[in-house]
Amino acid sequence: MTTNQQQIREQVTAIYDYIIALRRHFHRHPEPSLKEFETIQRIKEEVEEIGVPYINVGKTGILATLEGGKGAGKTILLRADIDALPLPDETGKPYASVNPGFNHACGHDGHTASLLGALKILKEHQDEFAGTIQFVFQPAEEIGAGARQFVRGGYIDGIDHVFGIHLQSGTQVGKIVATPGPSNASCDIFKIKVFGKSGHVSRPDLGRDALVSAAAIVTELQTIVAREVRPTDEVVVGIGVLRAGTNYNIIANEAEIEGTVRTFSHEVRAQVLDAVERIAKNVSDAHRTTIEFSNYDAAAPLINDIQAANHAIKVASDIVGFDNVITDNPKSMGADDFADYLAVAPGVYCFVGTQSSEETAYGHHHEKFDIDEKGLAIATELHISYALSYLKEPF
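What you see is a predicted model, and the numbers here were worked out from it, not measured in a lab.

S.K.: Give me the overall build of the protein: which residues, what numbers.
M.R.: Counting its secondary structure elements, the protein contains 11 helices and 14 strands. Viewed in the frame of its principal axes, the protein has a C-alpha envelope of about 80 × 45 × 40 Å. Expressed as a percentage of the 395 residues in the protein, the buried residues total 52%. Long-range pairs, those at least 24 residues apart, make up 82% of the contacts in the protein between residues at least 6 apart in sequence. Working note: accessible area of the protein is about 16,800 Å², and carbon and sulfur atoms make up 50% of it.

Spelled out as structure tokens, the structure:
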């Protein structure tokens, strides 16, 4: 460990209680996507106390900017998502949610606390670096509507590099994941409305059965993975909803299908979405029905830049040792809208382990999800070290 790294660790240790207190505050007061009003207010209070300027983005996001004292240089973005889930909290901990039906069951409370801790320490290093560090406190990751507020609003057009962290209950505390290449799948949420003609089931010839048409569409969509993409491409076309009909003896005149497409490639994603719409239309035509197709672009595939990931591996090795850095983590079909930032600038998304017992081994989005808070110190140190090392020797 270098002298500088030792200094950063000592600074993180000195504010560890501050980070834990923030995490527990956010955990006790979870708020759903796009309604993180009290959360962002507390974040603003902390940023103001630290003395870093910020601007509002949307109703519940902010972008804080820390300019180095050594003049112009590259600009790196650090991001934390701040929203919680519509899920009860069954941890039974003193810091359990006081907002019924809502729970920080994905670790965003820890993301927010860690980045605030990093901001606090990086402010103390402001005179030591050239360039700019921007801090995104982002709403609505869980519904894929937060990152786009920053990206499409043009708030981060001048960014050179992006870095993000997600806590991970499936990884032991003391370990860091930094994987080059694809990490998380894209997420598209499509709806297909099928329109037919109602009538009595005893005279199917006089009607146009939207239920039968929808059922056929669902079946045929399964051929996309089997017959339209390369076997080496990892793709999910999943159907979660099929609604149709009002009574046993009435031909359904409407049906609705809801599903998702997940891929690890921009090109395959476009190919599969085109296939979903084409197959739905052609099958519907065969059944003398019509369709309306719509798609919600929740997240692009999250693909880590190779050079950035290799740099993260080096930084992480200085923090936890090379043997505790996982460089070949299996890809996840779960999506994350950090991918939207990676579409603007190269960067890397790392995972920090938080599992140390049965209590901290529950999966994300589980009612009993909790973390070993020692992982927050590692996440804070990783934010700081990656940002400073990038600005010192940008690539």
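S.K.: Go over the nonpolar core with me, naming the residues and quoting the values.
M.R.: Of all hydrophobic cores here, the largest spans 64 residues; its most connected members are Phe135 and Phe137. It is helix α11 (residues 374-392) that contributes the most residues to this core, 11 residues altogether. Look past the residues within four positions of Phe135 in its chain and what remains in contact with it is Ile62, Leu63, Ala64, Leu66, Leu78, Leu115, Leu119 and Leu122. Listed in part, the 23 residues of the second largest apolar core include Ala214, Val218, Leu221 and Val235.

S.K.: How would you explain the environment of His108 if you had to name every residue and give the values?
M.R.: Counting through the fold element by element, His108 comes out in helix α4 (residues 108-124). A relative accessible area of 1% places His108 in the buried class. Every residue in contact with His108, bar those within four places of it in the chain, is listed here: Asp81, Ile82, Asp83, Glu141, Glu142 and His166. Reaching out from His108, the side chain makes a polar contact with the side chain of Asp81 at a distance of 3.3 Å.

S.K.: Would you mind going over the pairing of strand β2 (residues 61-67) in detail, with residue names and values included?
M.R.: Of all the 7 residues making up β2, 5 are buried; the element is thus mostly covered by neighbouring parts of the structure. Two elements, strand β1 (residues 54-57) and β2, share 4 bridges in a ladder whose sense is antiparallel. Note on β2: the bridge partner recorded for Asn56 is Ile62. The hairpin turn running from β1 into β2, its antiparallel successor, is 3 residues long, and Gly58 in that turn takes a positive phi close to 65°. Relative to strand β4 (residues 132-138), β2 runs antiparallel, the two being bridged by 6 bridges. The residue bridging Leu63 from the neighbouring strand is Val136, located in β4.

S.K.: Got a sec to walk through the sheet that holds β2? Specific residues and values, please.
M.R.: Sheet architecture is open: 8 strands sit in the order β1-β2-β4-β3-β5-β14-β6-β13, paired in mixed fashion. Since the sheet does not close on itself, it has two edges, and those belong to β1 and β13 (325-326), each with one partner. Looking at chain direction, strand β6 (residues 176-177) and β13 are connected through 2 bridges and run parallel. In the strand pairing of β13, Ile176 is matched with Val325. The strands touched by α4 within the sheet are β2, β3 (75-81), β4 and β5 (161-172), with β3 carrying the most contacts at an inclination of about 145°. Helix α9 (residues 306-320) rests against β5, β6, β13 and β14 (347-355) of the sheet, and its axis sits at about 35° to β14.

S.K.: Can you break down helix α3 (residues 37-50) residue by residue, with the values?
M.R.: Along its 14 residues, α3 runs 20 Å from first to last C-alpha, staying within 8% of the 20 Å computed at 1.5 Å per residue. Buried-residue contacts for α3 involve α2 (16-28), β1, β2, α4 and β4.

S.K.: Explain the side chain of Asp370 residue by residue, including any values.
M.R.: Position of Asp370 relative to the elements: it lies in the loop between β14 and α11. Note on Asp370: relative accessible area 2%, which makes it buried. Among the polar contacts listed, one links the side chain of Asp370 to the side chain of Lys93, at a separation of 2.8 Å. At a separation of 2.7 Å, a polar atom in the side chain of Asp370 contacts the side chain of Tyr95. In this structure Asp370 touches Arg23, Thr91, Lys93, Tyr95, Glu359 and Thr360, once residues within four positions along its chain are discounted.

S.K.: So what's going on with the UniProt feature "binding site: Mn(2+)" (unreviewed entry) in the protein? Which residues, and what values?
M.R.: The UniProt record marks Cys106, His108, Glu142, His166 and His365 with the feature "binding site: Mn(2+)" (unreviewed entry), using the residue numbering of this structure. Annotated residues spanning 260 residues; largest pairwise C-alpha distance 13.6 Å, indicating a single compact cluster. Mapped onto the elements, Glu142 comes out in the loop between β4 and α5 (147-152). Taking the relative accessible area as the measure of exposure, Glu142 reaches 23% and is therefore partly exposed. Excluding residues within four positions of it along the chain, Glu142 makes contact with Ser33, Asp83, Ala84, Leu85, Cys106, His108 and His365. Tracing the sequence through the fold places His365 in the loop between β14 and α11. Those residues in contact with His365 that sit more than four places away from it in its chain are Leu85, Leu87, Ala105, Cys106 and Glu142.

S.K.: A description of the sheet that holds strand β9 (residues 235-244) should follow, citing residues and the corresponding values.
M.R.: Strand pairing within a sheet occurs via backbone hydrogen bonds; the two strands may be parallel or antiparallel. Spatial ordering of the open sheet is given by β9-β10-β8-β11, a layout of 4 strands whose pairing is antiparallel. Bordering the open sheet on either side are β9 and β11 (290-299), each of which pairs with just one other strand. The average angle at which neighbouring strand axes cross in this sheet is 15°, direction not considered. Where strand β8 (residues 187-195) meets strand β10 (residues 254-263), 8 bridges bridge the pair, whose relative direction is antiparallel. What sits directly across from Ile192, in β10, is Ile257. Its contacts with the sheet place helix α6 (residues 210-221) against β8, β9, β10 and β11, and it is angled at close to 150° to β8. Together, β8, β9, β10 and β11 form the strand contacts of helix α8 (residues 266-286), whose direction differs from that of β11 by roughly 160°.

Rules used throughout
- Residues numbered from 1 in each chain as written.
- Predicted model: local features only at pLDDT ≥ 70, side-chain atom pairs only at ≥ 80, totals over all residues.
- Heavy atoms only, no water.
- Helix = DSSP H or I, 4+ residues; strand = E, 2+ residues; numbered from the N terminus.
- Buried < 20%, exposed > 50% of the residue type's maximum accessible area, 1.4 Å probe, protein only.
- Contact = heavy atoms within 4.5 Å.
- Areas by Shrake-Rupley, 256 points an atom, 1.4 Å probe, with all protein chains shown as cover.
- Core = buried A, V, L, I, M, F, W, Y, C linked by side-chain atoms within 4.5 Å.
- Polar contact = N/O pair within 3.5 Å; in protein donor to acceptor, adjacent residues only side chain to side chain.
- Pairing = 2+ DSSP bridges.
- Axes fitted to C-alpha atoms, helices over the stretch in contact; angles between N-to-C directions.
- Expected span 1.5 Å × (residues − 1).
- UniProt positions renumbered as here; feature names shortened; annotations may be inferred.

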